[in-house]
Amino acid sequence: MAEIVIVKDKAAAGALVADHIAELVRSNPETVLGLATGSTPLPVYEALRSRLEGVDLSRVRGFALDEYVGIDPAHPESYRSVITREVVEPLGLNPELIRTPDGTPEGIEHHGEEYDEAIRDAGGIDLQILGIGTDGHIGFNEPGSSFSSITRVKTLTEQTRRDNARFFDSIDDVPMHCITQGLGTILRARHIVLLAFGEGKAAAVAGAVEGPLSASLPGSAIQLHPHATIVVDEAAASQLTRSDYYRYAYDNKPEWQGI
Ligand code: GLP
C-alpha cells in the first residue's frame, strides 16, 4: 500500500518533502530527481530554498516529467522555462544536468525513447515528485494510458487544456499535444511522492489511492509501486474512506522509516 500522509496545509507538505529531499542530497550529492511542474509541487521547491545550508544541489541531476509539443522552449509557459524559473534558478541546480523531454516536432517519434534512455544512463530516478490532474492524470498521461507506457507523445484532453488555459492567453493557445514520461517510466523511479491539495483533487486522489487499478484513472498506477508516498491536505483527502487508518498508521510509524 502507498503511504498516505494527511497534512494540515501546503506549507506542511512542502516542509515534509523538502526535508526528505535535503536529506537525500546530503547522503548522495548526485541524486537524480524527477521534477514536476504545475502549482502543486511549488511548496516543496519553496521549502527546499530554506534548507540549502549545508546542502549542495549543484550536482543533482533532474528529469522533468513532460513538455508541450511544438511550444517554443523560450515561451514562458514551456515546461523547460517553468522548470528553469521555478526550480533550477532558485535552487541553484546546474542547468546542464536538468533535462526536459524534447518537444520539438522534428524527430519527435524518437524523443521519448531517447529520454528514457537518458534516465537509465543517469542510473534511474531516485525520487519522482508528482502532482495529479483533476481527471487523475499524472505527468500528462491522460485516462486510457497504458501502465507500461514509456515516454511518448500524447494528445491532451479538453479538460486538461481547459485546466491549463490559465497559463496562456486563451484555451486556443494551449498546445494539443505533449510528450510525457510514461506510466511505466514513472513506475521505475525508486520512490514516488505524489502531492495534492484542495477539494478539486479529492476525487482523483481517492480514485488513485483506493479505487480499482485502472488505466481510466492513470494515477491508480501508483498502487503498483513498492514505495509511493501520497501527501495531501484535508480537502484533497476528503473523499478517502480510510483516512482514520492512514492517520493512525502515520502517527505510529517507526521514526527510522522516514517517508
Ligand atoms: C499538468 C502537469 C501535471 C500536473 C497537473 C496538475 O497537467 N502536466 O504534471 O500534475 O498539471 O497541475 P496543478 O498542480 O497545477 O494542479
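Structure: see above.
Attention in this report is confined to the structure presented alongside it. (Residues numbered from 1 in each chain as written. Predicted model: local features only at pLDDT ≥ 70, side-chain atom pairs only at ≥ 80, totals over all residues. Heavy atoms only, no water.)

**Some remarks on the overall build of the protein chain**
Note the threshold: In this text, helices come from DSSP runs of H or I with a minimum length of four residues, and strands from runs of E with a minimum of two, each type numbered from the N-terminal end. Atoms considered for the radius of gyration are the C-alpha atoms alone. The globule rule reads 2.2 Å times the number of residues to the power 0.38. With a 1.4 Å probe rolled over the protein chains alone, any residue whose accessible area is under 20% of its type maximum counts as buried; one over 50% counts as exposed, and the rest are partly exposed. Pairs of residues are marked as contacts when any of their non-hydrogen atoms sit within 4.5 Å. All accessible areas in this document rest on Shrake-Rupley with a 1.4 Å probe, and a residue is counted as covered only by the protein chains that are shown. Positive charges come from Lys and Arg, negative ones from Asp and Glu, while His and the chain ends are left out of the count. Positions of charges follow a simple convention, taking NZ of Lys, CZ of Arg, CG of Asp or CD of Glu.
When you go through the protein chain residue by residue, the secondary structure sums to 8 helices and 10 strands. Its C-alpha atoms give the protein chain a radius of gyration of 17 Å, near enough to 18 Å, the size a compact globule of 259 residues would have. Overall size of the protein chain, expressed as C-alpha extent along the three principal axes, is 55 × 40 × 35 Å. Counting across all 259 residues of the protein chain, residues that qualify as buried make up 53%. Long-range contacts, defined here as pairs at least 24 residues apart, represent 78% of the contacts in the protein chain between residues at least 6 apart. A total accessible area of about 11,500 Å² is found for the protein chain, and carbon and sulfur atoms account for 50% of it. In the protein chain, the 22 positive side-chain charges and the 38 negative ones have mean positions that sit 3 Å from each other.

**Quick notes on the site of the ligand**
Selection rule: We call a residue near a molecule or strand as soon as one heavy atom of that residue lies within 4 Å of the molecule or strand. For this analysis, a polar contact is any N or O atom pair within 3.5 Å, provided that within protein one partner can donate a hydrogen and the other can accept it, and provided that sequence-adjacent residues contribute only side-chain to side-chain pairs. Here the term cavity refers to a set of points on a 1 Å grid, laid over the protein atoms alone, in which a 1.4 Å probe fits but cannot get out; the term pocket refers to an open set having protein on both sides within 12 Å along at least five of seven lines, with lining residues being those that place an atom within 4 Å of a point. Each molecule is assigned to a cavity or pocket provided more than half of its atoms lie within 2 Å of the corresponding grid points. Polar here means any residue other than Ala, Val, Leu, Ile, Met, Phe, Trp, Tyr, Cys and Pro, which are nonpolar, and Asp, Glu, Lys and Arg, which are charged; Gly is therefore polar.
Taken together, 13 residues lie around the ligand, and S39, T40, D66, H137 and K201 are the ones closest in. A distance of 2.5 Å is found between an oxygen atom of the ligand and a side-chain nitrogen or oxygen belonging to T40. When atom positions are compared with the pocket grids, the ligand is found to occupy the largest pocket. Of the residues that constitute the shell around the ligand, the class distribution is 3 nonpolar, 7 polar and 3 charged.

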